[in-house]
Structure formats: structure tokens, C-alpha cells
Amino acid sequence: MPHHPRFMKTLLQHPALPPLLTGLLLALCAPGWGLYPLAWVGLVPLLVHTWHATPRQAALRFFLAGCMYHLMVLHWLMTNVFWAGGWAFTAYAALSIALSLVYWLPLGALFAWMRPRLHPWTAAPALACLWAAMEMLQARLFTGFGWAALGYWQGPGIYAVQWAALGGVTLVGLFIVLVNALLAQAWRERKFRMPGIAAALALTALVHVGGYAMLKEPEFGEEPYRAGIYQSNYPQEMKWDRSFFVEMVERAAEMSATLAQYEPVDLFVWPEALVMDDLGVPSVGDPVRALTRSTGVPLFTGISRLSPESRRYRNSAVLVDAEGEEAGHYDKLHYVPFGEYVPFHEYLTFLSAFVPAGGGADPGDGPVVIPNGGRGLGPLICFEVLFSPMSLDLRDLGADFLVVVTNLAWFGASSAIPQEFELARMRAIETRLPLVHASNTGVSGVIDPYGRFESIAFFEGYNGQLVEWRVSPMQQIMRRGIGSVPVPLPAEQALPAGPRYFPWMALAAAALLVLVALVRPRQAAPAS
């Protein structure tokens, strides 16, 4: 092929290549690939290519990078094809495009317009503030979907994410983007070459060394409080088959009673969508009450609770005490749009046929903290782990540990499972509270206030195949996902208001920089 070298040269010089490369590099940081250090350089191809671009050019390139990133990170949404048919592909593509169009595209255009109007030394910090503001808005607007914030994927490194205790996941993302922006500016502007590289290296070192300094060992007290966590590993088809409702509960009760014989337990924790009926139904409620009475151990579990006011079912969690009585309950507040309910369903009635759970459950009235054994339990159900303010509210209300009950069987063995876990890890660090993570499939255990994880067991698929090595003798006998894990005490918050208010401060800083750019004349581009 005589024209092959020319074709390759043209391809490598194509303006779409750097944005797509950035999207790829950032996506490879997410669980499933797990190359999280790439985040610290992943934006460089896009930024180098757009540093002197027009707003229109930058908007298109940021949009392409965002599309590549979200299409790769959110690929697990395609598993919904099993439940919703071909609509799952349409919704997955539409969401990825919408996130890129609404957030990434305006960010690129705004920065390209602002950069020549700002002092050169403020260009990189300005981009970092704009990015932090974008992630803050993405986590809150239109019910909020900040799932793909860059800071979440740094959890395995453990050091950088300690800054979330001061400014939430937003601060971690700001550091990442600032390092990328300094490197890009060093590449494109000659006089910033050495200062930019030095500043990027110094900031990267500061973030990780500072995170190391903030990392401490958890405290447990004289008699550690222990959670007996049960991971049921049931496929989603069983969840909605009424013929399995009683069997699932009886099996969970049997396993939990056996656990209490082998290991100390202060609280049983079962995942979401294990108890698929109201505890007032004797065939479902009786095994639960028998378990707590016979062992003397309370149970916290996800349930389908029949609301006495509306006579409609709610996605809920309940604490059953050692006497078999309900000691407190929590009704889910934040349902999954187009997953658990259809927004504006009166106008989009045709979509109800494609919502997997049918939609229509009633939300709860507010957050609650449930006392048990001298501890304050702060419940979150599945999707709610995405929302930082909900976890912070629970700490303010007196929770000294969080409990996330979740069911990700909708998404099979996809990367939705480890991605959701990283969101939970971030909530523990932001609040400096331990977090009990009880999942129907995937990952169950306890995250300490600094983000370190103690598991009960990992499973592959639904065949009960253990692939985790930290397994007790009892677990080796039972070959199931159940174990007793100590729950640390809460850690002290270095800056209690920081994770709540820093995202708003970043938004205010971005707005101030836009105002500065409005009154400053456009500067000539420095030599490259």
C-alpha cells in the first residue's frame, strides 16, 4: 500500500485524535482497568491541542473527549438490554452524549474564551476551578449524576483521596486537573516550560505526601462493634419471582444464625432486595423475628415496606431488634431516574414500559439515624451513595457509621460493581465515618474512615466461587459470602464543613474568574 504512510500521518494529525486519546486515558483510570495514575497526565493531549484554540474548536474537542470518556466508563449501562431491550443502548448513548454536551462542551468553550483574557499564571488554576465547578453542577443538576468524577478513581491509591476529608471528591479532581493544566501550559508556552513542569511535580508530590500524613490507623475501642454481613449472590431473576421470596429470607436467616455460632456479631446486615416483601407478611417476617430472638442480635436489612399512609410499597431498610420488633426504618429518598421512577411520567407515559422496576415507589420523608448498641447507624440505599450531601447530613444528625445496602445484580459482573464501591469509599473518607457495605452481588465488607477496606469475601458471577483469600475457617466450610467484620469508631474531621462547602467555593471562584475575564482585554498569545 504505497499511500499507507501518508494515511497514517494524516490520521495521527487528525484534530479528533488528542481528544479521543484523553477520553481513553481517563477512562482507563476507572475500575475495570484500574490504571488510576494515568489521570494525572490523561488530560494533557486534549489541553495541549486546545490551549490556543478558538472557543468553537475547544468546545468540539472537549465534547469528543467527554463522549469517549463516558461511553467507556458507563458501558455497564448496556447490561440493561436484558431488562429493557434495545432501549438500553439508546439510553446509554443518550446519557453519555448529554453529559458531554451539557458539561464538557461548555467547559471547553468557556476556558478557550477566558484563557487569553487572564494573566498567564492564572490560566491553569482557572481551568482547575472551572472543572471543579463543572463536576459540582453535574453532581447536583437534573437530580444529579456525578458518577464519573475524576477523583473517585484514585481510591486504590489511598493517599490522594485523603484530601476528600477537606474538600470532598471535588478537591481531589481539582488537584488532578491543575497538574494536567500545568503540564499542558509547559508544553505550549516556552517561558512556562520549566516552572510549569516543576509546579506540576511539586503539586503531585504535595498531594500524595499530604495524603500520607493524613492517613491514620482506625480505632475500635476495647470491645469492637462487629457487623455480620451477608452477601446473598442471588441473580436478579430470583428477586422478582414470588416463589423465591420466602426461600431467600429463610436461607439468609439460616446463614446468619450459623455465623453467630462461630463469630461474635453485634448487628446482622443484609443487602437491598433480599427481603422482597413487607415484614408484616408472616412467611417473610417470621424467619427474621426468629433469627433476632434466637441469637439476641439485631438485624438491619433492605425490605419492600408497605407504607401505611399510601398503601404503596417503598424501597426501605429496617432495623429489627433482639426482641423481633421494628426499632427503626428508613425509606429511600433518592430514586434512580428512569430506573426506579419516570420523571414527568404524566407526559412520558410510554417510558413506563421500559423502566425495569416499573417505577412508582414512594420516596421517604427525610434522613434518619437509627441507634443500636451504643452506635448511630446512618442508612443509605444503593444509588444514594452517589450523593455526598446525604452522607454528610447523616454525620451531622449523629451517625457514627454508615450502612450502604445495595443490589447491583441488574448489571451482572460488569464494572458497575467496583465503580459503585469507589463511590462508597469516597463517602467514608469525606465523612470520616466507617461504612458497612452490604451488597447482593460484588463487594461486601467494612470501609474504615480513611478508605481502607476489610472484606468478607469476593465472588465471581453467581456460582459461589470464592476468589478472595482472606476467608475464615467458618467461611471455608459454608462457602458463602458471610462474615463478621469489626466496625471502627468514627474519626475526627479535620475540617468538618470542608467537604460540604468546598464545591460551592469552587463554583464561586469559577464565577469570579469569569467576571475577571469579562473586564480584562484579550492578551497576545505567548511564544510556543
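Going by the structure above, here's the rest.
Residues numbered from 1 in each chain as written. Predicted model: local features only at pLDDT ≥ 70, side-chain atom pairs only at ≥ 80, totals over all residues. Heavy atoms only, no water.

**Description of the pairing of strand E13 (residues 481–487)**
Of all 7 residues making up E13, 6 are buried, and the element is well covered by its neighbours. Both strand E1 (residues 225–231) and E13 contribute to a ladder of 7 bridges, which runs antiparallel. Considered in E13, the bridge of Gln 231 is made with Gly 481. (Buried < 20%, exposed > 50% of the residue type's maximum accessible area, 1.4 Å probe, protein only. Helix = DSSP H or I, 4+ residues; strand = E, 2+ residues; numbered from the N terminus. Pairing = 2+ DSSP bridges.)

**A word on the pattern of salt bridges**
Enumeration over the complete set of coordinates arrives at 13 salt bridges. Of the charged contacts, one joins Glu 254 and Arg 251 as a salt bridge, the two residues approaching to 3.6 Å between their closest N and O atoms. Of this pair, Glu 254 and Arg 251 are both found in helix H12 (residues 245–262), 3 residues apart, which corresponds to roughly one turn of the helix. The class of Glu 254 is partly exposed, set by a relative accessible area of 46%. Since its relative accessible area comes to 26%, Arg 251 is described here as partly exposed. Between Arg 305 and Asp 331 there is a salt bridge, with its nearest N and O atoms 2.8 Å apart. Separated by 26 residues along the polypeptide, Arg 305 in strand E3 (residues 299–306) and Asp 331 in strand E5 (residues 326–331) bring together distant segments of the chain. The pair formed by Arg 305 and Asp 331 is uniform in burial state, with each residue classed as buried. (Salt bridge = Lys/Arg side-chain N within 4 Å of Asp/Glu carboxyl O.)

**Brief notes about the packing of helix H8 (residues 123–138) against helix H9 (residues 164–188)**
Closest axis-to-axis distance for the H8/H9 pair is 8 Å, and the angle between their directions is 145 degrees. H8 and H9 meet at a crossing whose hand is right-handed. Judged by residue contacts, Ala 123, Ala 124, Pro 125, Leu 127, Ala 128, Cys 129, Trp 131, Ala 132 and Glu 135 of H8 engage Thr 170, Gly 173, Leu 174, Val 177, Leu 178, Ala 181, Leu 182 and Gln 185 from H9. Classifying every residue of the contact of H8 with H9 by side-chain character gives 13 nonpolar, 3 polar and 1 charged. (Axes fitted to C-alpha atoms, helices over the stretch in contact; angles between N-to-C directions. Left-handed = near helix turned anticlockwise from the far one by under 90°. Contact = heavy atoms within 4.5 Å. Nonpolar A, V, L, I, M, F, W, Y, C, P; charged D, E, K, R; others polar.)

**Looking at empty space enclosed by the protein**
Using the criterion set out here, one finds 2 cavities of 30 Å³ or more in the structure. Looking at the largest cavity, it is lined by 21 residues, and the ones nearest its centre are Ala 139, Arg 140, Tyr 152, Val 169 and Thr 170. The set of elements that each furnish at least two residues to the lining of the largest cavity consists of H8, H9, helix H14 (388–396), helix H15 (416–431) and helix H17 (498–519). It is H9 that provides the largest number of residues to the lining of the largest cavity, a total of 4 residues. Its residues assigned to classes, the lining of the largest cavity comprises 11 nonpolar, 6 polar and 4 charged. (1 Å grid on protein atoms, 1.4 Å probe; cavity = no way out; pocket = protein on both sides within 12 Å on 5 of 7 lines; lining within 4 Å. Points joined across faces, edges and corners; volume = space filled by probe spheres on them.)

**Things to note about unusual backbone geometry**
Phi angles above zero are rare outside glycine, and Phe 142 is one such case at about 55 degrees. As for its placement among the helices and strands, Phe 142 is situated in the loop between H8 and H9. Its identity as a non-glycine residue notwithstanding, Thr 143 has a phi of 75 degrees, on the positive side.

**Structural notes on H15**
Over its 16 residues, H15 extends 23 Å from the first C-alpha to the last, a length consistent with the 22 Å expected when each residue adds 1.5 Å. Burial analysis of H15 places 15 of its 16 residues in the buried class, which makes it a mostly covered element. Taken from the residues just after H15, Arg 432 is the one with a positive phi, measuring 55 degrees. (Expected span 1.5 Å × (residues − 1).)

**What about the sheet that holds E5?**
The 6 strands are arranged E5-E4-E3-E2-E1-E13 in an open sheet whose pairing can be described as mixed. The outermost strands of the open sheet, each flanked by one partner alone, are E5 and E13. Taken pair by pair, the neighbouring strands of this sheet meet at an average axis angle of 30 degrees, ignoring direction. Pairing between strand E4 (residues 313–320) and E5: 5 bridges, direction antiparallel. In the sheet register, Leu 319 faces E5, and the bridge partner there is Gly 328. Running at roughly 50 degrees to E13, H12 makes contact with E1, strand E2 (267–269) and E13 of the sheet.

**What to know about a nonpolar patch on the surface**
On the surface, Ile 97, Leu 101, Val 102, Leu 141 and Phe 142 cluster together to form a nonpolar patch covering roughly 480 Å² of accessible area. Looking at the secondary structure, you find Leu 141 in the loop between H8 and H9. (Patch = residues over 30% accessible without salt bridge, like charges linked within 9 Å, V, L, I, M, F, W, Y side chains within 5 Å. Areas by Shrake-Rupley, 256 points an atom, 1.4 Å probe, with all protein chains shown as cover.)

**Remarks on the environment of Ala 509**
In this fold, Ala 509 is placed in helix H17. Separated by 377 residues in sequence, Ala 509 and Ala 132 place their C-alpha atoms 9.7 Å apart.

**Description of the environment of Tyr 159**
Locating Tyr 159 in the fold gives a position in the loop between H8 and H9. For Tyr 159 and Tyr 450, which are 291 residues apart along the polypeptide, the C-alpha to C-alpha distance reads 9.3 Å. Every residue in contact with Tyr 159, bar those within four places of it in the chain, is listed here: Val 207, His 208, Gly 211, Tyr 212 and Leu 215.

**Examining the packing of aromatic side chains**
Across all of its chains, the model carries 13 aromatic pairs by this definition. The interplanar angle of 50 degrees and the centroid separation of 6.2 Å between the aromatic rings of Tyr 152 and Trp 153 together place this pair among those described as tilted. Under the relative-accessibility criterion, Tyr 152 is labelled buried at 3%. On the accessibility criterion, Trp 153 (1% relative accessible area) is buried. In textbook terms, an aromatic cluster arises when at least three aromatic residues are bridged by ring pairs, as seen for Trp 76, Phe 145, Trp 147 and Phe 411. (Phe/Tyr/Trp six-rings, centres within 6.5 Å; stacked < 30°, edge-to-face > 60°.)

**Focus on the nonpolar core**
If you look at soluble globular proteins, the nonpolar side chains tend to sit buried side by side. With 121 residues, the main nonpolar core has Tyr 69, Leu 74, Trp 131, Trp 153, Phe 300 and Val 436 as its most contacted residues. Looking at this core element by element, the count peaks at 14 residues for H9. Every residue in contact with Val 436, bar those within four places of it in the chain, is listed here: Ala 227, Ile 229, Val 269, Phe 401, Leu 402, Val 403, Val 404, Gly 445, Val 446 and Val 487. Val 249, Ala 252, Leu 279 and Leu 291 belong to the second-largest nonpolar core, a separate cluster that totals 27 residues. (Core = buried A, V, L, I, M, F, W, Y, C linked by side-chain atoms within 4.5 Å.)

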